[in-house]
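# Observations on chain architecture
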Amino acid sequence: MASMKLGSKSEAFHRQGQSWHCTSGLQSDVTIEIGEMAFHLHKFPLLSRSGLLEKLIGESTTSADGSACFLQLSQLPGGAKAFELVAKFCYGVKIELTSMNVVSLRCAAEYLQMNEEYGEGNLIAQSEAFLNEVFGNWTDTIKALETCEEVLPHAEELHIVSRCINSLAMKACADPMLFSWPVATGNETARTSGAAFWNGIYTATKPQQVSDDWWYEDVSFLSLPLYKRLIQAVEAGGMKAENIAGALVFYAKKYIPQMNRQSSFKNLNSGTTISIPSEADQGALLEEIVELIPNQKGVIHTRFLLRLLRTAMVLQASQACRDNLERRVGLQLDQAALEDILVPNLGYSVETLYDIDCFQRILDHFMSIEQASAAASPCIVEESQLMEGTHSLTSLTMVANLVDAYLAEVAPDINLKFPKFQALAAAVPDYARPLSDGIYRAIDIYLKAHPWLTDSEREQICRLMNCQKLSLEASTHAAQNERLPLRVIVQVLFFEQLRLRTSISSWFFVSDNLDSSQNPNQVHPASKNASCSQGEPSHERASGVDDVRERVCELEKECQSMREEFQKLVKTRRIWNIFWRRKSHQSNSKSQKQCNVKAKQPCADGHQHSGNAELGSKA
């Protein structure tokens, strides 16, 4: 740590309780009170160095007829501790300037007007020269910046804070291997970190590789206002957005214990426990950190952004902060994992276990960005690029799989309304799903957990999946799924049969080609001997044709069994429909007869005439 020694005299002050006395033997003629501390001093050493004290002592002496004067300096920057060093400097007593006291001493010297008019090499010039030396050292600059908070208005007026921040920002943005900023704490640190001696001569070894996060922990001890200004300074200095985001993540983890779900956290250097800030302070800090995060995509991992979002909900941060985090997550939703997007519902009117609306907003942000990028570059995609898969389509497919997995996770919730499920599933276009197995699984789980859905709602929810994109396993399951509407089962069986016909046709095409290649009538006479010499390969080809034919027979049998099962299913449903129709018709006719009997009871003649009329009609 840098230091500067001033003065040559030995100690001439001693303290008694709340008073400082000079041991020169002369009776003090001025008393200066600062807070609870009183300094009993002499006029001449003070007024010869300070313009303010000269003025105050002159005014006090004139009014009190030359008697001992009494002064109060309650507004002095640094208080009694800084004035103790000022008084020793005026008396020529040895003092030591360090990075911990130079800021308050510089502000006190400015307040007391200790400039060059009151002696060469006065305290303003000495402290300013040492400050310039401090700015050349990383550690000393941080310590000086921390002490600025004690005298912040005066330090701001003298531009000490801005000079400290600019010095730190310049060192953080510079190449650490070029300027050796992390090891600029003295020759001893450099010698111990990488030194070699040859024949008693010191030679520096090759410098070790320094990571980009070497400054994160050092600046994390700054208060939020100073830290915010430092981050803005390094951003203006051209630092990479990833490094700025890394520093913000480090700061957030350290001072927002709600993110780590810990009751206390410790200082990494000293091991002392830091006081836990209140939830209101944590919320304010979180909002400031979110505002400082660079706008570039991918500078912070999606998992950490979602952790910030959960913490913002718990701490009841502002709506603007939560909207900002949702927008940032939407920018890189394709990098999210299922366990990260399952945000618990923390609202007062909790309907579902997870916050479905939050994920819907995040997904809407992602889809709006995808649509804007597609509209901005409506270029023709070549076949090779389509086969390899463009980045946009790949990210959209990843999000589609994420949405399907999310729907399957929230589908068992009985409080999940049908419109929300439908809107979330329909937000992703059909071309983004190479397979419909994921959305089919989510639909099946939802139908099982919500058996009270109407037929119309079942039809609507099944339109969300494409039966042509179901795998063989999913098609087999869907064909036997009683929860699906009959129309969907018919579609599944139809497309499965169509796929089966295509495969059978391909098998027949291969077998015909093999037969034509093995037909001896089509073999050229010149190659007859060659074909005879290769009899063993032709035998293998014949066995391959037999295998193909057996496979075709098996596929035909499977197709026939599927047709029979489908016909049974259709017949069963028709029988039930006929039964229910007859039953409803009988109940309707029965109720009609009862109504006719009740209408005929009041009049006996009418009843008799009606009976005769019925007989006549029957005859």
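Naming follows an unreviewed UniProt entry, where the protein appears as BTB/POZ domain-containing protein of Sesamum radiatum. In its Pathway (unreviewed entry) section, the UniProt entry covering the protein states "Protein modification; protein ubiquitination." Within the UniProt record for the protein, the comment given under Sequence similarities (unreviewed entry) is "Belongs to the NPH3 family."

For the protein, the count of helices and strands is 29 helices and 9 strands. Each of the 619 residues in the protein was classed as buried or not, and the buried ones make up 37%. Contacts in the protein between residues far apart in sequence, at least 24 positions, make up 70% of those at least 6 positions apart. Of the accessible surface of the protein, which amounts to about 35,700 Å², a share of 53% is contributed by carbon and sulfur atoms.

Glancing now at the pairing of strand S1 (residues 3-6). Residues of S1 alternate between two faces, with Met4 and Leu6 buried on one and Ser3 and Lys5 left unburied on the opposite face. Inspection of the sheet shows S1 paired to strand S7 (residues 95-98) by 4 bridges, in the antiparallel sense. Within S7, the position partnered with Met4 by the bridge is Leu97.

Take the pattern of salt bridges next. Tallying each qualifying case throughout the model produces 14 salt bridges. Where Arg163 meets Glu128, a salt bridge forms, and the shortest distance between an N and an O atom there is 2.6 Å. Linking Arg163 in helix H8 (residues 160-173) with Glu128 in helix H5 (residues 123-134), this pair joins segments that are 35 residues apart in sequence. Here Arg361 and Glu326 are joined by a salt bridge, their closest N and O atoms 3.0 Å apart. A residue pair is termed long-range when its members are at least 10 positions apart, and Arg361 in helix H19 (residues 356-376) and Glu326 in helix H17 (residues 319-331) qualify at 35 residues. On the basis of relative accessible area, Glu326 is assigned to the buried category, the value being 2%. If you follow the salt bridges from partner to partner, you end up with Arg106, Glu110, Glu128 and Arg163 in one network.

Let's shift gears to the sheet that holds strand S4 (residues 30-34). Strands sit in the order S2-S3-S5-S4-S6 across an open sheet of 5 strands; the sheet is mixed. Unpaired on one side and paired on the other, strand S2 (13-16) and strand S6 (69-72) mark the two borders of the sheet. Ignoring which end each strand starts from, the neighbouring axes of this sheet average 20° apart. Here S4 pairs with S6 via 4 bridges, running parallel. Counted as the bridge partner of Val30 is Cys69 from S6. Running at roughly 10° to strand S5 (residues 37-41), helix H3 (residues 79-91) makes contact with S2, strand S3 (19-22), S4 and S5 of the sheet.

If you walk through the whole model with that rule in mind, you get 1 cavity of 30 Å³ or more. Lining the largest cavity, in full, are Ile293, Pro294, Gln296, Lys297, Gly298, Val299, Ile300, Leu305, Arg328, Leu331 and Gln332. A breakdown of the residues in the lining of the largest cavity according to their chemical character gives 6 nonpolar, 3 polar and 2 charged.

For the pair helix H13 (residues 241-255) and helix H15 (residues 279-292), interaxial distance at closest approach is 11 Å and the crossing angle is 175°. Here H15 runs roughly antiparallel to H13, going by the angle between their axes. Listed contacts from H15 to Leu248, Tyr251, Ala252 and Tyr255 of H13 are Gln282, Leu285, Ile289 and Leu292. Looking at the contact of H13 with H15 residue by residue, the classes come out as 7 nonpolar, 1 polar and no charged.

Quick look at the confidence of the model for the protein now. This prediction gives the protein a mean pLDDT of 78; 69% of its residues lie at or above 70. In this model residues 262-273 is a low-confidence stretch, pLDDT under 50, and it forms 21 contacts with partners more than four residues away in sequence or in other chains. Confidence drops under a pLDDT of 50 for residues 522-537, and excluding neighbours within four residues, the segment shows 3 contacts in the predicted structure.

Attention now goes to helix H24 (residues 455-462). Listed as buried for H24 are Arg458, Glu459, Ile461 and Cys462. The arc enclosing the buried residues of H24, seen along the axis, measures out at 170°, which places them on a common side.

A separate point is the packing of aromatic side chains. Evaluation of the coordinates by the stated rule reveals 7 aromatic pairs. Judged by centre distance (5.0 Å) and plane angle (70°), the rings of Phe39 and Phe83 are edge-to-face. Placement of the pair is Phe39 in strand S5 and Phe83 in helix H3, with a sequence separation of 44 residues. Using a relative accessible area of 1% as the deciding quantity, one classes Phe39 as buried. Accessibility expressed as a relative area gives 0% for Phe83, which makes it buried. Taken together, a centroid distance of 4.7 Å and an interplanar angle of 45° make the contact between Tyr251 and Tyr255 tilted.

Here we come to the environment of Cys173. Looking at the element boundaries, Cys173 is found in helix H8. Here the alpha-carbon distance between Cys173 and Glu235, two residues 62 residues apart in the chain, equals 8.8 Å. Residues within four places of Cys173 in sequence aside, it is in contact with Val234, Gly237 and Met239.

Two faces make up the sheet, and in a regular strand the side chains alternate between them. Direction of pairing for S2 relative to S3: antiparallel, over a ladder of 4 bridges. Along S3, the bridge assignment pairs Arg15 with Trp20. Two successive antiparallel strands, S2 and S3, enclose a turn made up of 2 residues, where Gly17 displays a positive phi of approximately 65°. Strand direction decides the pairing type here: S3 and S5, joined by 3 bridges, are parallel. Note on S5: the bridge partner recorded for Ser19 is Ala38.

Below, the discussion takes up helix H25 (residues 472-479). All of the buried residues along H25 are Ala474, Ser475 and Ala478. On an axial view of H25, the arc spanned by its buried residues comes to 100°, and they lie on one face. Residues Leu472 and Glu473 are exposed on H25 and point more than 90 degrees away from its buried face.

A few words on the packing of helix H6 (residues 138-147) against H8. Relative orientation of the contacting elements H6 and H8 amounts to 145°, with a least axis distance of 10 Å. Handedness of the crossing formed by H6 with H8: left-handed. Along its contact with H6, which presents Trp138, Thr141, Ile142, Ala144 and Leu145, the element H8 presents Val161, Cys164, Ile165, Ser167, Leu168, Lys171 and Ala172. Here the contact of H6 with H8 is built from residues that sort into 9 nonpolar, 2 polar and 1 charged.

Cut-off values and rules
- Residues numbered from 1 in each chain as written.
- Predicted model: local features only at pLDDT ≥ 70, side-chain atom pairs only at ≥ 80, totals over all residues.
- Heavy atoms only, no water.
- UniProt positions renumbered as here; feature names shortened; annotations may be inferred.
- Helix = DSSP H or I, 4+ residues; strand = E, 2+ residues; numbered from the N terminus.
- Buried < 20%, exposed > 50% of the residue type's maximum accessible area, 1.4 Å probe, protein only.
- Contact = heavy atoms within 4.5 Å.
- Areas by Shrake-Rupley, 256 points an atom, 1.4 Å probe, with all protein chains shown as cover.
- Pairing = 2+ DSSP bridges.
- Salt bridge = Lys/Arg side-chain N within 4 Å of Asp/Glu carboxyl O.
- Axes fitted to C-alpha atoms, helices over the stretch in contact; angles between N-to-C directions.
- 1 Å grid on protein atoms, 1.4 Å probe; cavity = no way out; pocket = protein on both sides within 12 Å on 5 of 7 lines; lining within 4 Å.
- Points joined across faces, edges and corners; volume = space filled by probe spheres on them.
- Nonpolar A, V, L, I, M, F, W, Y, C, P; charged D, E, K, R; others polar.
- Parallel < 35°, antiparallel > 145°, perpendicular 65-115°, else oblique.
- pLDDT = per-residue confidence, 0-100.
- Arc of directions from axis to C-beta.
- Phe/Tyr/Trp six-rings, centres within 6.5 Å; stacked < 30°, edge-to-face > 60°.
- Left-handed = near helix turned anticlockwise from the far one by under 90°.

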